[in-house]
Amino acid sequence: MRIDVLTLFPEALEPVLASSIVGRAVESGIASIACTNFREFARDKHRTVDDRPFGGGPGMVLMCEPVFDALEHVEAGHEGQASTRVLLTPQGERLTQRVAQELSQEAWLVLLCGHYEGFDERIRTGIDAREISIGDYVLSGGESAALVLIDAIVRLLPGALGGESSAHDDSFTDGLLEYPQYTRPREFRGMAVPDVLLSGDHGSIEAWRREQRIERTLARRPDLMQDRRDEGRK
Ligand code: SAM
């Protein structure tokens, strides 16, 4: 998968994209990720990318020209390929595991990060992008939202976690939360690992884990259980 990130602050993304699971996926060629700065496409000597809103009001708005020019420049480098554009905005569709799964099927994503008061509305209406929000709160910029989205997507790419099944039991993958996990020591400050996990009986372990997933989901996220029922799943 190829991911291009258009941003005013590539330096806020690059060190994170070079670390951990995403960094390893890039190193092994599972994903290739590049950041492009809108400011390189400013048209004046002050490298202006934002301006005051028409009609008045606080803050500055990202201008159309540098955003369209950056997007067209990035996409012109790969003619013949179709990109899926994603605009990061608190007003977009809420990011869920299902959305991450859908986006992980794409060959090429172009993510657009806003800043200041956000984008000129003609960017939103003119570029035919999927609009994604990472939650009902407002961040100062789209960079942290892009990092969240990239992490959620890249870990789903085949081989990214080092084992095909590693993401399989993760919370939300089939609408349930994950079961509790334990590692050594067997007992810590009086808290013991459940016997079943030490039994070596894979059938019982499997059954216990499933039970725990259902109990946890019912206790913490009954809305997810309702979604499963609505989808006709057991
Ligand atoms: N004035 C805008 C509004 O009220 O809808 C918010 C602009 S926000 C300060 C600046 C940028 O941060 C946005 O253009 C977007 O790219 C990003 N951003 C902020 N919150 C976000 C969220 N919850 N999800 C995704 N991106 C977000």
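Residues numbered from 1 in each chain as written. Predicted model: local features only at pLDDT ≥ 70, side-chain atom pairs only at ≥ 80, totals over all residues. Heavy atoms only, no water.

## Structural notes on the overall build of the protein
Let me state the cut-off plainly: What counts as a helix is a DSSP run of H or I of at least four residues, what counts as a strand is a run of E of at least two, and both are numbered from the N terminus. Throughout this description, buried means an accessible area under 20% of the type-specific maximum (1.4 Å probe, protein chains only), exposed means over 50%, and partly exposed covers the range between. Contact definition: two residues touch when any of their heavy atoms are within 4.5 Å. The Shrake-Rupley method, run with a 1.4 Å probe, gives the accessible areas here. Residue values count only the displayed protein chains as cover.
Regarding its fold elements, the protein presents 8 helices and 9 strands. In terms of overall dimensions, the protein has C-alpha extents of about 70 × 40 × 40 Å along its principal axes. Sorting the 234 residues of the protein into buried and exposed places 40% on the buried side. Of all intrachain contacts in the protein linking residues separated by at least 6 positions in sequence, the fraction that spans at least 24 positions is 74%. Counting every atom, the protein has about 13,700 Å² of accessible surface; 49% of that belongs to carbon and sulfur.

## Some details on the site of the ligand
The condition that has to hold: Nearness is judged by heavy atoms alone; a residue qualifies as near a molecule or strand once a single heavy atom is within 4 Å of it. Polar contacts, as counted here, are pairs of nitrogen or oxygen atoms within 3.5 Å of one another; within protein the pair requires one atom able to donate a hydrogen and one able to accept it, and residues that are adjacent in sequence qualify only if both atoms are side-chain atoms. Each residue gets one of three labels, nonpolar for Ala, Val, Leu, Ile, Met, Phe, Trp, Tyr, Cys and Pro, charged for Asp, Glu, Lys and Arg, and polar for the others, Gly among them.
Surveying the vicinity of the ligand reveals 21 residues, the closest of which are L88, Q91, G114, E117 and Y137. Backbone polar atom of T89 to a nitrogen atom of the ligand: 3.5 Å apart, as the coordinates give it. Backbone polar atom of L139 to a nitrogen atom of the ligand: 3.0 Å apart, as the coordinates give it. It is strand β5 (residues 84-94) that provides the largest number of residues to the shell around the ligand, a total of 4 residues. In the shell around the ligand, the residues fall into 10 nonpolar, 10 polar and 1 charged.

## Comments concerning helix α4 (residues 97-104)
Stated precisely, the cut-off is as follows: Within this analysis, the arc is defined by the directions that extend from the helix axis to the C-beta atoms.
Looking only at α4, the buried set comprises Q97, V99, A100, L103 and S104. Down the axis of α4, the sector holding all buried residues measures 160 degrees, keeping them to one side.

## Digging into the state of the cysteines
Put simply, the rule reads: Only a pair of cysteine sulfur atoms within 2.5 Å counts as a disulfide in this structure description.
Per the counting criterion, the structure on display carries 0 disulfides. There is no disulfide at C64, and the cysteine sulfur nearest it, in C113, is 17 Å away. Not engaged in a disulfide, the cysteine C113 finds its nearest cysteine sulfur in C35; these two sulfurs lie 7.9 Å apart. Judged by relative accessible area, which is 1%, C113 ranks as buried.

## Side note on the nonpolar core
The criterion, for reference: Take the buried residues of types Ala, Val, Leu, Ile, Met, Phe, Trp, Tyr and Cys, join any two whose side-chain atoms come within 4.5 Å, and each joined set is a nonpolar core.
Membership of the largest hydrophobic core comes to 29 residues, with the highest contact counts inside it found for V5, L88, L103, L111, L149, I150 and V154. Residues in contact with I150, not counting those within four places in the same chain, are I3, V5, L17, V22, I33 and L111. Counting residues in each nonpolar core, the second largest holds 20 residues, with L8, A42, L112 and F119 among its members.

## Regarding the packing of helix α1 (residues 10-17) against helix α6 (residues 143-154)
The packing of two helices is summarised by the inter-axis angle and the distance between the axes. Quick note on the threshold: Angles here are taken between N-to-C directions and fall from 0 to 180 degrees, while the axes themselves are lines fitted to C-alpha atoms, restricted in helices to the stretch in contact. Roughly parallel covers angles under 35 degrees, roughly antiparallel covers those over 145, roughly perpendicular covers 65 to 115, and oblique covers all other angles. Crossing handedness follows the turn of the near helix against the far one: under a right angle anticlockwise gives a left-handed crossing, and clockwise gives a right-handed one.
The geometry of α1 relative to α6 is characterised by a closest axis approach of 9 Å and an angle of 25 degrees between their N-to-C directions. When the axis of α1 is compared with that of α6, the two are roughly parallel. Here α1 runs over α6; the crossing is right-handed. Note on element contacts: α6 touches α1 through E143, A146, L147 and I150, opposite A12, L13, V16 and L17. Classifying every residue of the contact of α1 with α6 by side-chain character gives 7 nonpolar, no polar and 1 charged.

## Focus: the pairing of strand β1 (residues 2-7)
Along any regular strand the residues' side chains alternate between the sheet's two faces. For clarity, the threshold we go by: Here a strand pair is declared whenever DSSP counts at least two bridges between the two strands.
With 5 of its 6 residues buried, β1 lies for the most part within the structure. In this structure, β1 lies alongside strand β2 (residues 32-37), joined through 6 bridges in parallel fashion. Residue pairing in the sheet places R2 in a bridge with S32 of β2. As paired elements, β1 and strand β6 (residues 108-113) share 5 bridges and run parallel to each other. Looking across to β6, one finds that R2 is bridged to W108.

Nothing here speaks to function; it is all geometry.
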